[in-house]
Amino acid sequence: MGNSVKKGKVVLADQNKVKSLSLYKAAVAAGDQYVKTPENRPVSMNGKGRNTQEQKKRKTQLRIQIQEYISNSDVVIFSKTTCENCSKVKNLFDELDVPYLAVEIDKTDSGLTIEEELYEYTMETALPNVFVKEKLIGGYDQVIQLSKDGLFQKLLEGKEDKPKVDTYDFDLIVIGGGSGGLAASKEAAKYGKKVLVLDYVIPSPVGTKWGLGGTCVNVGCIPKKLMHQAALLRQALKDSNKYGWQIEDNVQHNWERMTKSIQSQIRSLNWNYRVSLIQNHVEYENGFGEFVEAHKIKSTNPKGRVKYYTANTFLIATGERPRYPGIPGDKEYCITSDDLFSLPYCPGKTLVVGASYVALECAGFLAGLGLDVTVMVRSILLRGFDQEMANKIGEHMEEHGVKFIKEYVPAKIEQIEVGAPGRLKVTSQSADGKEIVEEYNTVLLAIGRDACTRKIGLDIPGVKINEKTGKIPVNDEEQTTVPYIYAIGDILENKIELTPVAIQAGRLLAQRLYGGSTVKCDYVTVPTTVFTPLEYGACGLSEENAIAKYGEDNIEVYHSYFWPLEWTVPERDSNKCYAKIICHIKDNERVVGFHVLSPNAGEITQGFAVAIKCGLTKEQLDSTIGIHPVCAEIFTTLTVTKRSGEDIVQGGC
Ligand code: FAD
Ligand code: NA7
């Protein structure tokens, strides 16, 4: 920076502070080879021989540099020493006795490249570019006008009048930097819109918190799938014996090493999200967002520092957090999926409360890692999923050592011994008043998730929520009851709660808002996978829902057990894998439901989901030649209908 940064009459930004940029530090700490301290800055992006990757990184660095300049003083003037209008604006601030930070870009090492990046950031073709309180005011004309209107003082005090439509700070403010919010914000910025994303994680009751990216990357899909993989490897180690590998019987698993590796992968994803926001010209703030006026939000950062921002349009993408049952000891002694994936010690003997996919997946991989696991089920397994498949999953888990306590709920949790893990006494009750008491090291609650919509001032602009569930009803364009406020992702009422759904809805929304598109998110026939030890892939209707929709006589169910070739040598789980399609007879036997219990069920289901979207019929499946020997080929050879009652047990491949 050297002489390039000059200060006006009163110094607001300390140069050394500007130099010790937190983002540079984070980048260097994260091992980014390219992002260097300003003193160690690489040569201009215009230098010959630079490849695209390097240029991208260079742009990121410049972007960080610009953002740091902007946030280091209440008034920042990007200027050139040779520019007449720049001098006039600086003189004006001097006359007004307003302190400022002048970045003389013709004197910076980055020179031309910082000017190019600044242009992409502000879309202002001429210098100076003036920022007041991190808000772009514009150039010479705008500054003179503001001065004439006597508005500077108001701006500096943050007391500007209610802005007019064209003077909002942002085109779009997104509250929530998870799967949906990040996707929407980047897409909106591609259309040249000025976008701010706020993301803030309230620590769990036991104090767990995490970085940018939301549930999926930090405490959902990603760590879950990786822990599932850790459990599958134990099974693979067992199988490997029959394949000739001489593995010792007492192979041990190290929980701490697993979580360390997984958390390190997550941290690199957090960083990638941060970089990609910068590359996409999306402004990001680690702040809790809440409405304080119809078009104005308050952002409170982790240190309690408050800022206010206005926008023309808002997107709520705040996701959900685990629910607690409200029984004695729940928040004090229990953990949830928010805590499990970074738990610094092995959970030991674990009670998993709940029976939906989060509960069964966690129970599945914990048991797969060799732990003593019990699942407490209030009513049925996997409510909302095909119940035949759900029960088969339960049977398989039971056969692989998971215990189930059915039709009980916990009533109180008491601590017997502090430790890592400690010992807990769990008293549970059945609906008919019976009681059981059992000791566990860890109690994992997975009894549902609540939408984060109640503490963000939605009543101020008048966004209606379902008072009972906290979910936000939207129309088919994700518009809430307030036309300029949209919502996506897990907080939506009656929509599927999955990462790709939130991402798709976010992208399409931005394309409709800013790109002239009319394409809406299709929430129908969304494929999904439950990563229980025996994976379950599904697309379309469950058998129950198909019967309810079309009538039992109007559907034909084709099904079969199968035995993956790889499992025949270790002689395990014969006829546990299962394939089922549900066809609508009157519609040319179109496939309306697809279900598979199989290794790699997600990989299988993804491809079939495309075919189902294209209107796949049973006849087309039959005319498709299978790939041999793979699990998915079973779907090209299904002949037995459920109605026939014929045997579907397979002898081998
Ligand atoms: P989120 O990703 O939850 O993001 C919301 C963000 O907003 C969070 O960072 C939150 O802290 C932040 N926030 C909240 N309030 C505020 C505020 N006022 N101001 C600022 N920031 C705020 N889906 C799949 O597709 N596949 C899977 O395998 C899968 N596995 C899962 C496993 C588990 C254990 C869980 C819990 C979920 C899983 N999901 C899975 C679901 C998936 O994680 C969610 O559907 C997805 O993350 C929803 O995205 P979202 O953008 O709606 O919200
Ligand atoms: P779900 O899908 O809402 O399921 C909650 C499960 O917890 C379900 O089995 C419930 O049983 C059970 N439950 C609910 N309350 C209790 C109490 N008080 N005691 C015992 N058991 C209870 O929640 P998930 O956490 O699995 O997933 C929610 C979303 O998060 C999901 O859609 C993903 O996007 C991620 P019930 O069937 O109601 O009897």
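Residues numbered from 1 in each chain as written. Chains lettered and ligands numbered in written order. Predicted model: local features only at pLDDT ≥ 70, side-chain atom pairs only at ≥ 80, totals over all residues. Heavy atoms only, no water.

> Explain the site of ligand 2 to me, and be specific about the residues and the numbers.
In the vicinity of ligand 2 there are 15 residues, among which Tyr357, Arg378, Ser379, Arg383 and Arg449 approach most closely. Contact distances for ligand 2 include 3.4 Å between an oxygen atom and a side-chain N or O atom of Tyr357. At 2.9 Å, a backbone N or O of Glu497 approaches an oxygen atom of ligand 2. Its free accessible area being 780 Å², ligand 2 has 80% of it covered by the protein chains. In terms of residue class, the shell around ligand 2 is made up of seven nonpolar, four polar and four charged. (Near = heavy atom within 4 Å. Polar contact = N/O pair within 3.5 Å; in protein donor to acceptor, adjacent residues only side chain to side chain. Areas by Shrake-Rupley, 256 points an atom, 1.4 Å probe, with all protein chains shown as cover. Nonpolar A, V, L, I, M, F, W, Y, C, P; charged D, E, K, R; others polar.)

> I'd love a proper account of the packing of aromatic side chains, names of residues and values included.
Under the criterion given, the structure shown has 13 aromatic pairs. When the ring of Tyr69 is compared with that of Phe78, the centres are 6.0 Å apart and the planes differ by 80°; the resulting orientation is edge-to-face. The two residues Tyr69 and Phe78 agree in class, both being buried. With a centroid separation of 6.2 Å and an interplanar angle of 40°, the aromatic rings of Phe341 and Phe365 are classed as tilted. One end of the pair, Phe341, is in the loop between helix 13 (337-340) and strand 14 (350-353); the other, Phe365, is in helix 14 (residues 357-368), with 24 residues separating them in the sequence. Residue Phe341 shares its accessibility class with Phe365, and that shared class is buried. The ring of Phe170 has Lys194 lying over it, and the distance from NZ or CZ to the ring centre is 4.3 Å. (Phe/Tyr/Trp six-rings, centres within 6.5 Å; stacked < 30°, edge-to-face > 60°. Buried < 20%, exposed > 50% of the residue type's maximum accessible area, 1.4 Å probe, protein only. Helix = DSSP H or I, 4+ residues; strand = E, 2+ residues; numbered from the N terminus. Lys NZ or Arg CZ within 6 Å of the ring centre and 35° of its normal.)

> Explain the state of the cysteines residue by residue, including any values.
The full count for this structure, using the stated rule, is one disulfide. Two residues share a disulfide in this structure: Cys83 and Cys86, whose sulfurs sit 2.4 Å from each other. Here the S-S torsion is close to 85°, and the disulfide linking Cys83 with Cys86 is therefore right-handed. For Cys86, a relative accessible area of 0% puts it in the buried group. (Disulfide = S-S within 2.5 Å.)

> Lay out the nonpolar core with the relevant residues and their values.
Among the nonpolar cores identified, the biggest contains 71 residues, and Leu340, Phe365, Ile581, Phe594 and Phe635 are the most heavily contacted of them. In terms of residues, this core owes the most to one element, helix 14, which gives seven residues. Filtering out sequence-adjacent residues up to four positions away, Ile581 remains in contact with Glu556, Val557, Tyr558, Val591, Gly593, Phe594, Lys618, Leu621, Phe635 and Leu638. (Core = buried A, V, L, I, M, F, W, Y, C linked by side-chain atoms within 4.5 Å. Contact = heavy atoms within 4.5 Å.)

> Tell me about the environment of Asp459, and please be specific about residues and values.
Along the chain, the position of Asp459 falls in the loop between strand 21 (449-451) and strand 22 (485-487). Residues Asp459 and Val292 lie 167 residues apart in sequence; the distance between their C-alpha atoms is 9.6 Å.

> I'd like to hear about the sheet that holds strand 18 (residues 423-430), residue by residue, with values.
Strand order across the open sheet formed by three strands is 17-18-19, with antiparallel pairing between neighbours. The sheet terminates laterally at strand 17 (408-417) and strand 19 (435-440), the two strands that pair on one side only. Ignoring strand direction, the axes of neighbouring strands in this sheet form an average angle of 20°. (Pairing = 2+ DSSP bridges. Axes fitted to C-alpha atoms, helices over the stretch in contact; angles between N-to-C directions.)

> Outline helix 8 (residues 179-190), supporting the account with residue identities and numerical values.
Between its first and last C-alpha, helix 8 extends 17 Å over twelve residues, near the 16 Å set by a 1.5 Å rise per residue. Among the twelve residues in helix 8, eleven count as buried, and that is most of the element. Buried within helix 8 we find Ser179, Gly180, Gly181, Leu182, Ala183, Ala184, Ser185, Lys186, Glu187, Ala188 and Ala189. Phi turns positive one or two residues past the end of helix 8, at Gly192, with a value near 80°. (Expected span 1.5 Å × (residues − 1).)

> How would you summarise the sheet that holds strand 20 (residues 442-445) if you had to cite specific residues and measurements?
By definition, the strands of a sheet pair up through backbone hydrogen bonds, in either a parallel or an antiparallel sense. On the basis of which strands lie adjacent, the open sheet formed by five strands has the order 13-20-14-15-16 and parallel pairing. This sheet does not close on itself; its edge strands, each paired only once, are strand 13 (335-336) and strand 16 (403-406). In terms of strand pairing, strand 13 meets strand 20 through two bridges, oriented parallel. Counted as the bridge partner of Thr336 is Leu445 from strand 20.

> Now, about the packing of helix 10 (residues 221-240) against helix 14: what can you tell me, with residues and values included?
In contact at an axis separation of 8 Å, helix 10 and helix 14 are set at 35° when each is read in the N-to-C sense. Two packed elements cross with a definite hand, and for helix 10 against helix 14 that hand is left-handed. Contacts between helix 10 and helix 14 involve Lys224, Met227, His228, Ala231 and Arg234 on the former and, on the latter, Tyr357, Glu361, Phe365, Ala367 and Gly368. Class assignment of the residues belonging to the contact of helix 10 with helix 14 gives a composition of five nonpolar, two polar and three charged. (Left-handed = near helix turned anticlockwise from the far one by under 90°.)

> Please provide a residue-by-residue account of the environment of Phe365, values included.
Classification of Phe365 as buried rests on a relative accessible area of 1%. Separated by 137 residues in sequence, Phe365 and His228 have C-alpha atoms that sit 5.0 Å apart.

> Tell me about the pattern of salt bridges, residues and numbers included.
Under the counting rule described, the total for this entry stands at 36 salt bridges. Across the salt bridge formed by Lys613 and Asp522, the nearest N and O atoms sit 2.7 Å from each other. Taken together, the residues span a long stretch of sequence, with Lys613 in helix 19 (residues 601-613) and Asp522 in the loop between helix 16 (499-514) and strand 23 (528-530) at a distance of 91 residues. A relative accessible area of 41% means that Asp522 is categorised as partly exposed. In this structure, Lys642 and Glu543 form a salt bridge, with 2.7 Å as the shortest nitrogen-oxygen distance. With a gap of 99 residues between them, Lys642 in the segment after helix 20 (618-622) and Glu543 in helix 17 (residues 543-550) connect regions that are remote in the sequence. Judged by relative accessible area, Lys642 falls into the partly exposed class, the value being 27%. By relative accessible area, Glu543 is classed as buried at 14%. (Salt bridge = Lys/Arg side-chain N within 4 Å of Asp/Glu carboxyl O.)

> An account of the pairing of strand 26 (residues 577-584) is requested, with residue identities and associated values reported.
The element strand 26 is extensively covered by neighbouring structure, given that eight of its eight residues are classed as buried. Along strand 26, one buried face is formed by Cys577, Ala579, Ile581 and Cys583 and the opposite face, lined by Tyr578, Lys580, Ile582 and His584, is buried too. In the sheet, strand 25 (residues 555-562) pairs with strand 26 via eight bridges, with the strands oriented antiparallel. Bridge pairing links Ile555 to His584 in strand 26.

> I'd like to hear about the side chain of Glu535, residue by residue, with values.
Its location among the elements puts Glu535 in the loop between strand 23 and strand 24 (536-540). Here Glu535 occupies a buried position and makes no salt bridge, while the nearest side chain of opposite charge, Lys225, is found at 6.0 Å. The residues touching Glu535, leaving out its near neighbours within four places in the chain, are His228, Leu232, Thr529, Val530, Val596, Leu597, Ser598, Pro599, Asn600, Ala601 and Gly602. (Lys, Arg positive; Asp, Glu negative; His and termini not counted.)

> Account for the pairing of strand 17, naming residues and giving values.
Bridge analysis of strand 17 against strand 18 gives eight bridges, and the strand direction is antiparallel. When the bridges of strand 18 are listed, Val409 appears paired with Gln429. What sits between the antiparallel neighbours strand 17 and strand 18 is a turn of five residues.

Such coordinate-based values are descriptive only and should not be taken to indicate function.
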